[in-house]
Amino acid sequence: MRARLIAVLLLPFLLASCVLTPGKFTSMLTINADRSFAFSYVGEVIAVDAGDGLKALEDLKPSTEDSDKKSADTEAKQAAKKAAAKAETEKRNRAIAAALTKEAGYRKVVYLGEGKFMIDYAVKGVLTYGFNWPYNLDGEVIFPFVSIELRQGGVVRVKAPAFGNEGSKSVPGLSQAGGMGAPDMASNLDGVFTLDTDAEIVSQNEESGVQLADGRKRIVWKATPALKQAPTAVLRLAALAL
């Protein structure tokens, strides 16, 4: 009962937001011991309408008009509603594409329709701050694919929640909703995520282990719906110069 109540409270937020998920892609993250880093993502991005799976939760809202509304809705009205909703979704997705093209790092953003984008993104920098991608306020994108978290003592935690099939628990709001009606976030997942580093690897969760080449270390995750744990690694970098 509590999960249903939370789901109802979260519904307006979820309907207003966009959840982007990976399709077919290749992604590379390079982190050096001196804190320089580079990240790239080339491939498909799928816009999942969280509302599609959660609109059924609207039935949980108490209303004395439910039966009247259902009886009044004809098939024609339902079809018109679906067409209007689809048009609104397409309009929102085109707006997301426009918003992303304004952000540094996006070398190419093409909206192909039906919720599918082709993305070419690359960025370089220095890890004096955390990093999350994608995250765009104008596009209301709420689900980062890759996060880099800085910790004390030069420790960096890398996690790619969208590259593993951890289900709705990775998406803000859906976990609180108990997964009821949650969209399948990993159904289109088909990619390769590579972490390349010369830093000390404290821990990582790719069962094949670390590959060594030319003094560097490389971890390669095959991202598919079968990958139940999100790619995760902890590195130790040089201390920040004061």
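Honestly, the overall build of the protein in this entry has me stumped. Any pointers?
Each helix and strand in the protein was counted, giving four helices and twelve strands. Residue burial in the protein is summarised as follows: out of 242 residues, 43% are buried. The long-range share in the protein, meaning contacts at least 24 apart out of those at least 6 apart in sequence, stands at 65%. A total of about 12900 Å² of accessible surface is found on the protein, and carbon and sulfur atoms cover 54% of it.

I would appreciate a short explanation of the sheet that holds strand 6 (residues 146-150) in the present structure.
Read from one edge to the other, the open sheet built from five strands follows the order 5-6-7-12-9, with strand pairing classed as antiparallel. The strands lining the two open edges of the sheet, one partner per strand, are strand 5 (131-133) and strand 9 (200-204). Within this sheet the neighbouring strands show an average axis-to-axis angle of 15 degrees, counted without direction. In this sheet, strand 7 (residues 155-159) lies alongside strand 6 in antiparallel orientation, the contact comprising four bridges. Its bridge partner lying in strand 7, Ile148 is registered against Val158.

Looking at this structure, I do not really get the pattern of salt bridges. What am I missing?
When their charged atoms lie close together, side chains carrying opposite charge are able to pair. Evaluation of the coordinates by the stated rule reveals nine salt bridges. Between Arg107 and Asp120 there is a salt bridge whose closest N-O contact spans 2.7 Å. Of this pair, Arg107 sits in strand 3 (residues 106-113) while Asp120 sits in strand 4 (residues 116-126); the two residues are 13 residues apart in sequence, bridging distant segments of the chain. Overlapping salt bridges bring together Asp196, Asp198, Arg216 and Arg218 as one network.

Could you clarify how one ought to interpret the environment of Tyr106 in this entry?
Tracing the chain through its elements places Tyr106 in strand 3. Classification of Tyr106 by relative accessible area gives buried; the value is 11%. Along the primary structure Tyr106 and Tyr41 are separated by 65 residues, whereas in three dimensions their C-alpha atoms are 9.5 Å apart. Residues contacting Tyr106, with those up to four places away along its chain left out, are Leu100, Ile119, Asp120, Tyr121, Trp133 and Pro134. Within the structure, the side chain of Tyr106 is placed 3.0 Å from the side chain of Trp133, a separation counted as a polar contact.

Looking at this structure, I do not really get the pairing of strand 2 (residues 36-48). What am I missing?
Consecutive residues of a regular strand have side chains that alternate between opposite faces of the sheet. Both strand 1 (residues 19-31) and strand 2 contribute to a ladder of eleven bridges, which runs antiparallel. By the bridge assignment, Leu29 is partnered in strand 2 with Phe39. In this structure, the hairpin formed by strand 1 and strand 2 is closed by a connection of four residues, where Arg35 is found at a positive phi of approximately 85 degrees.

About the cut-offs
- Residues numbered from 1 in each chain as written.
- Predicted model: local features only at pLDDT ≥ 70, side-chain atom pairs only at ≥ 80, totals over all residues.
- Heavy atoms only, no water.
- Helix = DSSP H or I, 4+ residues; strand = E, 2+ residues; numbered from the N terminus.
- Buried < 20%, exposed > 50% of the residue type's maximum accessible area, 1.4 Å probe, protein only.
- Contact = heavy atoms within 4.5 Å.
- Areas by Shrake-Rupley, 256 points an atom, 1.4 Å probe, with all protein chains shown as cover.
- Pairing = 2+ DSSP bridges.
- Axes fitted to C-alpha atoms, helices over the stretch in contact; angles between N-to-C directions.
- Salt bridge = Lys/Arg side-chain N within 4 Å of Asp/Glu carboxyl O.
- Polar contact = N/O pair within 3.5 Å; in protein donor to acceptor, adjacent residues only side chain to side chain.

In short, the description is geometric, and any link to function would need to be established separately.
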